[in-house]
Amino acid sequence: MGKSNKVCPNCGRKMKCQFNGLQHCKCGLSWSRHEGYFERTGDMVFCLQRMKKGNGPHTKQVPVIRFKNSEE
């Protein structure tokens, strides 16, 4: 098993990679590089955000978790 493959501590299945640094399992558990393990809810939206890297022209994409507005 590679370095990026995780095993779900809840059910024991392999977690699938959605973005670099963000993995999901079928049981509803997710893992993020910055937050660790957490349980997904229905109002979570996973997306990539572009961030400027240093002073150069390069940008990199970082996975971000956003929440839907409850007013909709």
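The rules we used
Residues numbered from 1 in each chain as written. Predicted model: local features only at pLDDT ≥ 70, side-chain atom pairs only at ≥ 80, totals over all residues. Heavy atoms only, no water. Helix = DSSP H or I, 4+ residues; strand = E, 2+ residues; numbered from the N terminus. Rg over C-alpha atoms; globule rule 2.2 N^0.38 Å. Buried < 20%, exposed > 50% of the residue type's maximum accessible area, 1.4 Å probe, protein only. Contact = heavy atoms within 4.5 Å. Core = buried A, V, L, I, M, F, W, Y, C linked by side-chain atoms within 4.5 Å. Pairing = 2+ DSSP bridges. Axes fitted to C-alpha atoms, helices over the stretch in contact; angles between N-to-C directions.

Some remarks on the overall build of the protein chain
Piece 1. A tally of regular secondary structure across the protein chain gives 0 helices and 6 strands.
Piece 2. Helices and strands in the protein chain line up, N terminus first, as β-β-β-β-β-β.
Piece 3. Against the compact-globule benchmark of 11 Å for 72 residues, the protein chain has a radius of gyration of 14 Å, which places it well outside the compact range.
Piece 4. A total of 72 residues make up the protein chain; the buried ones form 31% of that total.
Piece 5. Contacts spanning at least 24 positions in sequence make up 15% of the contacts within the protein chain whose residues lie at least 6 apart.

Observations regarding the nonpolar core
Piece 1. Grouped together as the largest cluster of nonpolar side chains are 6 residues: Phe19, Leu22, Phe38, Met44, Phe46 and Ile65.
Piece 2. Look past the residues within four positions of Ile65 in its chain and what remains in contact with it is Glu35, Phe38, Met44, Val45 and Phe46.
Piece 3. With 5 residues, the next largest nonpolar core counts Cys8, Cys25, Leu29 and Trp31 among its residues.

Some points on the sheet that holds strand 3 (residues 29-32)
Piece 1. The strand order 1-2-3-4 describes an open sheet built from 4 strands, whose pairing is antiparallel. Edge positions in the sheet fall to strand 1 (16-19) and strand 4 (36-39), since each has one partner strand and no second. On average, each strand axis in the sheet is inclined to that of its neighbour by 30°, with strand direction left out of account.
Piece 2. Bridge count between strand 3 and strand 4: 4 bridges; the pairing is antiparallel. Among the inter-strand pairings, Trp31 is bridged to a residue of strand 4, identified as Tyr37.

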